[in-house]
Amino acid sequence: MTDLEKWLTPKDPIKEMAKAYSGGKTVTQISMDFGYPTSTTCYMLRAYIPTKEDITKFKMKFAAKQIRNKKYER
């Protein structure tokens, strides 16, 4: 690949960071790998990192489903 082709098809660092985050790396590890400060990495990944409200909603749905399944097993 020539330099011109690299310039015309740049890699999106946010997508690469999101792949690393979904692969199990922490935000600190990703920031060290890509050379950004941790705060910048968090800002860039804000669309990919779930909020505490999202996590709580997921846990509530999961618990309700488990309770429903236990209810029908008896």
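Basis of the calculations
- Residues numbered from 1 in each chain as written.
- Predicted model: local features only at pLDDT ≥ 70, side-chain atom pairs only at ≥ 80, totals over all residues.
- Heavy atoms only, no water.
- Core = buried A, V, L, I, M, F, W, Y, C linked by side-chain atoms within 4.5 Å.
- Buried < 20%, exposed > 50% of the residue type's maximum accessible area, 1.4 Å probe, protein only.
- Contact = heavy atoms within 4.5 Å.
- Salt bridge = Lys/Arg side-chain N within 4 Å of Asp/Glu carboxyl O.
- Axes fitted to C-alpha atoms, helices over the stretch in contact; angles between N-to-C directions.
- Helix = DSSP H or I, 4+ residues; strand = E, 2+ residues; numbered from the N terminus.
- Parallel < 35°, antiparallel > 145°, perpendicular 65-115°, else oblique.
- Left-handed = near helix turned anticlockwise from the far one by under 90°.
- Phe/Tyr/Trp six-rings, centres within 6.5 Å; stacked < 30°, edge-to-face > 60°.
- Patch = residues over 30% accessible without salt bridge, like charges linked within 9 Å, V, L, I, M, F, W, Y side chains within 5 Å.
- Areas by Shrake-Rupley, 256 points an atom, 1.4 Å probe, with all protein chains shown as cover.
- Lys, Arg positive; Asp, Glu negative; His and termini not counted.
- Charge placed at Lys NZ, Arg CZ, Asp CG, Glu CD.

> Please clarify how the nonpolar core should be interpreted in this entry.
Note that soluble globular proteins tend to have their nonpolar side chains buried in a common cluster. Grouped together as the largest cluster of nonpolar side chains are six residues: Met17, Ala18, Ala20, Ile30, Met44 and Leu45. Those residues in contact with Met17 that lie beyond four places of it in its chain are Ile30, Phe34, Tyr36, Thr41, Met44 and Leu45.

> Explain the pattern of salt bridges to me, please; I cannot follow it from the model alone.
Opposite charge on two side chains lets them pair, provided their charged atoms get close. Counted under the stated rule, the structure contains one salt bridge. Close ionic contact of Asp33 with Lys25 constitutes a salt bridge, the shortest N to O distance being 2.4 Å.

> How should the packing of helix H2 (residues 13–22) against helix H3 (residues 27–34) be read in this particular structure?
Each pair of packed helices can be described by the angle between their axes along with the distance between the axes. One way to put it is that H2 packs onto H3 with a least axis distance of 10 Å and a crossing angle of 140°. It follows that H2 is oblique to H3 by the angle criterion. As H2 runs across H3, the sense of the crossing is right-handed. Residues Pro13, Glu16, Met17, Ala20 and Tyr21 of H2 form the contact with H3, whose participating residues are Val27, Ile30 and Phe34.

> Is there a simple way to think about the packing of aromatic side chains in this case?
Pairs of aromatic rings are described using the distance from one ring centre to the other and the angle between the two planes. Summed over all chains, the structure comprises one aromatic pair. Each ring, one from Phe58 and one from Phe62, has its centre 6.4 Å from the other, and the planes form 20°; the classification is stacked. Taken together, the residues span about one helical turn, with Phe58 and Phe62 both in helix H5 (residues 52–73) at a distance of four residues. With relative accessibility at 58%, the residue Phe58 sits in the exposed group.

> Quick question: what am I supposed to make of a positive patch on the surface here?
Residues Lys6, Lys11, Lys15 and Lys19 make up a contiguous surface patch of positive charge. In this fold, Lys11 is placed in the loop between helix H1 (3–8) and H2.

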